[in-house]
Number of protein chains: 2
Amino acid sequence: MKFIIQRDQLMAGVQDVMKAISSRTAIPILTGMKIDAKSDGITLTGSDSDISIESYIPAEENGIVHVEQIEEGSIVLQARYFPDIVRKLPEKTVEIEADSNLKVTIRSGKAEFNLNGQDAEEYPQLPKLQTDNSFEIPTDLFKSLIKQTVFAVSTMETRPILTGVNVKLENETLIFTATDSHRLASREIPVKESNGNLPSIVVPGKSLTELNKILDDTEENVEISVTNNQILFRTKHLNFLSRLLDGNYPETSRLIPEQSKTILHVKTKELINTIDRASLLAKEERNNVVKLTTKGDNVLEITSNSPEVGRVAEEISVQSIEGEELKISFSSKYMLDALKAIENDEVKVEFTGAMRPFIIKPANNDPILQLILPVRTY
Amino acid sequence: MKFIIQRDQLMAGVQDVMKAISSRTAIPILTGMKIDAKSDGITLTGSDSDISIESYIPAEENGIVHVEQIEEGSIVLQARYFPDIVRKLPEKTVEIEADSNLKVTIRSGKAEFNLNGQDAEEYPQLPKLQTDNSFEIPTDLFKSLIKQTVFAVSTMETRPILTGVNVKLENETLIFTATDSHRLASREIPVKESNGNLPSIVVPGKSLTELNKILDDTEENVEISVTNNQILFRTKHLNFLSRLLDGNYPETSRLIPEQSKTILHVKTKELINTIDRASLLAKEERNNVVKLTTKGDNVLEITSNSPEVGRVAEEISVQSIEGEELKISFSSKYMLDALKAIENDEVKVEFTGAMRPFIIKPANNDPILQLILPVRTY
């Protein structure tokens, strides 16, 4: 194997693929990165067996040459050193060569690295996804879907299914839902030209978080394909494969109250800042509880009390308060997560009493829904 | 106590003073920040008993009012919450009030924090330094002195005196020296109008590192005063007091070779990059050894070998090589620290054989000296 590659192209691919590589893995060869050289381009592969990432660097693209003098072959390199080596190479091009004894030479300018490689034959084969269940959505919209829901997955392994995001495609609508049983986040978007419906699946939250880091914020499509235990996200030069979580996702629709007794309209940023300040004195407590009280004249009071430290109170003018008076306590962290996920200047908060879950939505009625269970304070 | 203060001024003072406050201290009240309000301004104090910092915010400066409606008094506030509260307050001004029951109220806009304070009478008195041993140097030059030496102090408590920087003022020359017994860094600058000489003292490296973070990079002077167990650094609005280390600093001048057998002139940045690359494969090994070999035609070779991982070699063209041929091994970390401390495009490296300490100096003969002991490799 041998090729000469543009360092910047190689670096970008290496950084993407590294997201899947862990130094703690039961399969030693997975601490390495696989490099495949074919006449049309170079493929880098990393995997921790839950997530696998392939990054493809074409030899030529739009008339620009990225890779030259390709002699086909494959090798696995220690991922621990490779990214730093590529980043710090002195010249804009890099020559990588592997001989039949698995010795790898990396040359750039006058710098030469000789590394011990491993046999690419020993690297696990990634499954080839054969499926008709595929559809496409714009990457930037897909990234919003992830950001607006994935924070609400459970971090506890007691109910593993809740560590994932529930993904459904019904009636040309794609629905993402996440809940840790104290709060819930969901978002819908329309999907055109899909091949029918998709069974309800659960994608590990960690996979979506890593995928969101890798994907560029473009309007180009990401293609999503599903089999019964894997999901593949494909963009022009990237294949991101994740296992799915086993088990049935709980039915969440009955959690969502259908009526409301108190409705607030409030500027998102102002509510975020006020709740952020109210939570300052409670930062070491896990639940970080703040209390919201409606006052007359479209005024809310947000308060928090930490007996050891002190008390904080702030009034905030809102756009409107409709319905019953209300005193309710909730986790400031959950509320801040929910408010930050709503990409709109104004939010609508719908309460059904101090002991019932409440809902936060963007005022423009985008199909985003954040639900939070209140905290009982006696 | 009561006053209204510009939030930005308060924030800057709080951030400086926080550098001296530790949550782990044997004296509980030192986890707090003392606030003194006098008619002419506000003084904030923080201390961990090794370092004490006072930041003064004048009521008025150059016709700009920073503090208003001052009612004199003092209080100690929990430092754990105070910086975050100040940072996140909604308005540009802050009102701080303490009542006779040590209850503190912080108001800004519609936000109100009620905190439990502590009696300022219980806060330890900082020593008043009475000394004739004082001199002034420009702050930016003083920061360079710290940066070019402090990294070489020992981090091991086996010889506590080496955890400090030796400071001497002799013949109108201020000399900073630091060594961990494997390497040494020293820098001299001329000082005019000093009150005679200063005894050799040792300032904790940690104190100088924190002081360097606080001081702005200005040409204004810092005034330095020394007693037998304390040193005070004073700028317009800041008093930084540190204890001195007890004991005699070792005589280091005899370590420095007076003759050299091989002299290199080389571009600083190129040597840094080459050694940085050569050290990549050895990053988990503590000593991180690289080997330098002189070749003909003003060429050096830098190599490093990690049997498990691989080998790296790079040739570098230098300005000149004079004297004997040389093969020498040394810690790449020490070499990189030393090269980065030299603020000059070109360095002069003077060797006296593979087993003797070698010296790195700026080619412009600024009085900066970095010395490194080589590593024996058999």
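In this convention, every chain numbers its residues from 1, walking through the sequence in written order. Here every chain gets a letter starting at A, and every ligand a number starting at 1, in the order they are written. A pLDDT threshold of at least 70 governs which residues receive local features in this predicted model, and a stricter bar of 80 or more applies before side-chain atom pairs are shown or counted, although totals over entire chains, interfaces and linings include all residues. Note that the side-chain values use all heavy atoms of the structure and ignore hydrogens as well as water.

## With respect to the packing of helix α3 (residues 139–147) of chain A against helix α4 (residues 205–214) of chain A
All names here are of chain A.
- Helix axes are fitted to C-alpha atoms over the stretch in contact, other axes to C-alpha atoms as well, and angles between N-to-C directions run from 0 to 180 degrees. Think of it this way: any DSSP run of H or I at least four residues long counts as a helix, any run of E at least two long counts as a strand, and we number them from the N terminus. Running from N to C, α3 and α4 cross one another at 140 degrees; their axes reach a closest spacing of 10 Å. The angle between α3 and α4 falls in the class oblique. Relative to α4, α3 is oriented so that their crossing is left-handed. Note on element contacts: α4 touches α3 through L208, L211 and N212, opposite F142, K143, I146 and K147. Oblique is the label for every angle not falling under 35 degrees (roughly parallel), over 145 degrees (roughly antiparallel), or within 65 to 115 degrees (roughly perpendicular). Take the far helix as the reference: if the near one is turned anticlockwise from it by less than a right angle, the crossing is left-handed, and if turned clockwise, right-handed. Residue contacts are counted whenever heavy atoms from the two residues lie within 4.5 Å of one another.

## Points about the sheet that holds strand β4 (residues 51–58) of chain B
All names here are of chain B.
- If you walk across this open sheet you meet the eight strands as β8-β2-β3-β4-β19-β18-β17-β12, and the pairing is antiparallel. The two strands at the open ends of the sheet, each matched to only one other strand, are β8 (73–78) and β12 (134–138). Across this sheet, the average inter-strand angle for adjacent strands is 20 degrees, counted without regard to direction.
- Here, a strand pair is defined by DSSP locating no fewer than two bridges between the strands. Summarising the sheet, β4 and strand β19 (residues 238–243) pair through five bridges and their orientation is antiparallel. Looking at β19, one finds that I53 is bridged to F240.
- Lying over the sheet, helix α1 (residues 7–18) contacts β2 (32–38), β3 (41–47), β4 and β19, oriented at roughly 170 degrees with respect to β4.
- Each of β4, β18 (230–235) and β19 is contacted by helix α4 (residues 205–214), which is oriented at about 170 degrees to β19, the strand it contacts most.

## Here's the deal with helix α3 (residues 139–149) of chain B
- Buried means the residue's accessible area, taken with a 1.4 Å probe over protein chains only, is under 20% of the maximum for its type, while exposed means over 50%, and partly exposed covers the values in between. Of all eleven residues making up α3(B), eight are buried, and the element is well covered by its neighbours.
- Along α3(B), the residues classified as buried are T139(B), F142(B), K143(B), S144(B), L145(B), I146(B), Q148(B) and T149(B).

## Details of the UniProt feature "domain: DNA polymerase III beta sliding clamp N-terminal" (unreviewed entry) in chain A
- UniProt positions are given in the numbering used here, feature names are shortened, and annotations may be inferred rather than shown by experiment. On the UniProt side, "domain: DNA polymerase III beta sliding clamp N-terminal" (unreviewed entry) is annotated at positions that read residues 1–127 of chain A here.
- The span residues 1–127 of chain A is 15% helix and 47% strand, and its two end C-alpha atoms sit 24 Å from each other.

## Regarding the side chain of R7(A)
Residues and elements named next belong to chain A.
- Mapped onto the elements of the fold, R7 is located in helix α1 (residues 7–18).
- Within the buried set, R7 has no salt-bridge partner at all; the shortest N-O distance to an opposite charge, 4.0 Å, is to D8.
- Any N or O atom pair separated by 3.5 Å or less is treated as a polar contact, with the protein-specific requirement of one donor-capable and one acceptor-capable atom, and with residues adjacent in sequence counted only for side-chain atom pairs. Looking at R7, its side chain comes within polar contact range of the main-chain oxygen of L89, at 2.5 Å.
- When sequence neighbours within four positions are dropped, the list of residues in contact with R7 reads V86, R87, L89, E91, K92, T93 and V94. We count Lys and Arg on the positive side and Asp and Glu on the negative side, and we leave His and both chain ends out. Within this document, salt bridges are pairs made up of a side-chain nitrogen of Lys or Arg and a carboxyl oxygen of Asp or Glu, the two lying within 4 Å of each other.

## Side note on the interface of chain B and chain A
- If you look at the interface, chain B gives 30 residues, while chain A gives 30 residues.
- Both sides together, the interface formed by chain B and chain A hides about 2,900 Å², and carbon and sulfur atoms give 51% of it.
- For D276(A), the salt bridge is made with K88(B), and the minimal N-O distance between the two is 3.0 Å.
- On the surface where chain B and chain A come into contact, there are 14 residue pairs in polar contact (both at pLDDT 80 or more).
- Looking at the side of chain B that touches chain A element by element, the count peaks at seven residues for strand β23 (residues 310–317) of chain B.
- Of the strand pairs in this sheet, strand β23 (residues 310–317) of chain A and strand β11 (residues 111–116) of chain B are connected by five bridges, and their pairing is antiparallel. Counterpart to E314(A) in the pairing with β11(B) is A111(B). Buried area: the accessible surface (1.4 Å probe) lost by two parts on joining, summed over both.

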